[in-house]
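Geometric and topological summary
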Amino acid sequence: MSTSTANVDHTETFAAVPRDSRYLALVREAEEFLYEEAELLDERSFRVWLDTLADDLVYFMPMMYNVKFGEHAAGEKTRFDKDMSWFNEGKWTLTKRVEQILTGVHWAEEPLSRLCRAVSNVQLTGIRMNEQQQEELSVRSRFVTYQNRCEYEEYFFVGKRNDVLRRVDGQWKLARREIHLGQTVLLAKNLSIFF
């Protein structure tokens with residue numbers, strides 16, 4: 001997927017999957033991947049989580065704007081590589097963020113947050129073979145993440161994700177994640193967690 005087409009609906013580059021037994025099997029595999037990912041992050045198994053990411057990962061979370069009726073498609077979200085965003089990262093950057101947290105002197109994560117993630121509404125929106133002849137799935141899901149820090153800090157993050165999962169050596173890897181929070185103003189003190 002070229003980065004120039006990011007922050008748009010990628011389903012047109014994927015073939016639709018008939019709702020048959022193969023579809024159900026692939027949805028189940030995608031669900032298991034996402035549920036296991038949530039468990040790894042909740043349990044702070046950050047290094048194991050990094051191994052589930054493709055080397056060319058795109059991890060993007062646009063900012064949201066309040067716009068007039070009828071302008072949502074064109075102006076509600078910031079654009080990939082063109083506008084400011086909450087995240088526009090790759091595996092290298094995420095690895096550095098993990099390394100920083102694991103030093104134990106990360107000001108926003110000392111003490112470490114207690115997190116509980118729920119993932120739902122997992123749907124397979126398409127399938128394709130990439131240029132390296134690796135199977136890729138376009139997967140849509142919803143999430144709720146609860147964060148508790150120190151004694152009184154509590155935050156909820158609610159949103160949806162558009163992911164691309166890639167089969168590499170028989171294992172699924174996250175190749176792309178676009179995260180959409182419903183907030184136009186960030187209510188939490190920081191964004192030190194992973195989505």
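Please refer to the structure higher up on the page.
Here the structure is a predicted model, which means the values were calculated and not measured.

**A short note on a nonpolar patch on the surface**
A grouping of V144, F156 and V158 is seen on the molecular surface, where their side chains present a nonpolar patch of about 270 Å² in accessible area. Looking at the secondary structure, you find V144 in strand β4 (residues 135-149). Look at V144 and you get partly exposed, because its relative accessible area is 35%.

**Concerning the pairing of strand β5 (residues 153-168)**
Taken together, the 14 bridges between β4 and β5 define a ladder with antiparallel strand orientation. Of the residues in β5, the one forming a bridge with V139 is D163. The hairpin formed by β4 and β5 contains three residues between the paired strands, and C150 there has a positive phi angle of roughly 50°. Linking two consecutive strands that pair antiparallel, namely β5 and strand β6 (residues 171-181), is a turn of two residues; a positive phi of about 50° is found at D169 within it.

**Quick word on the packing of aromatic side chains**
Scanning the entire structure with this criterion turns up five aromatic pairs. Ring centres 5.1 Å apart and planes at 50° place the aromatic pair Y146 and F156 in the tilted group. One end of the pair, Y146, is in strand β4; the other, F156, is in strand β5, and 10 residues separate them in sequence. An aromatic cluster is defined as three or more aromatic residues linked by ring pairs; in this entry it consists of F46, W49 and F194.

**Things to note about empty space enclosed by the protein**
All told, the structure shown has two cavities of 30 Å³ or more when counted by the stated rule. Its residues placed into classes, the lining of the largest cavity shows seven nonpolar, two polar and two charged. Approximately 50 Å³ is the volume found for the second largest cavity. Surrounding the second largest cavity, E37, A38, L41, R117, V119, F143, T145, R161, F194 and F195 form its lining. Of all elements in the fold, only α1 (21-42), β3 (114-129) and β4 reach the threshold of two or more residues within the lining of the second largest cavity. At three residues, the largest contribution of residues to the lining of the second largest cavity is made by α1. Of the residues in the lining of the second largest cavity, the class split is six nonpolar, one polar and three charged.

Criteria and cut-off values
- Residues numbered from 1 in each chain as written.
- Predicted model: local features only at pLDDT ≥ 70, side-chain atom pairs only at ≥ 80, totals over all residues.
- Heavy atoms only, no water.
- Patch = residues over 30% accessible without salt bridge, like charges linked within 9 Å, V, L, I, M, F, W, Y side chains within 5 Å.
- Areas by Shrake-Rupley, 256 points an atom, 1.4 Å probe, with all protein chains shown as cover.
- Salt bridge = Lys/Arg side-chain N within 4 Å of Asp/Glu carboxyl O.
- Helix = DSSP H or I, 4+ residues; strand = E, 2+ residues; numbered from the N terminus.
- Buried < 20%, exposed > 50% of the residue type's maximum accessible area, 1.4 Å probe, protein only.
- Pairing = 2+ DSSP bridges.
- Phe/Tyr/Trp six-rings, centres within 6.5 Å; stacked < 30°, edge-to-face > 60°.
- 1 Å grid on protein atoms, 1.4 Å probe; cavity = no way out; pocket = protein on both sides within 12 Å on 5 of 7 lines; lining within 4 Å.
- Points joined across faces, edges and corners; volume = space filled by probe spheres on them.
- Nonpolar A, V, L, I, M, F, W, Y, C, P; charged D, E, K, R; others polar.

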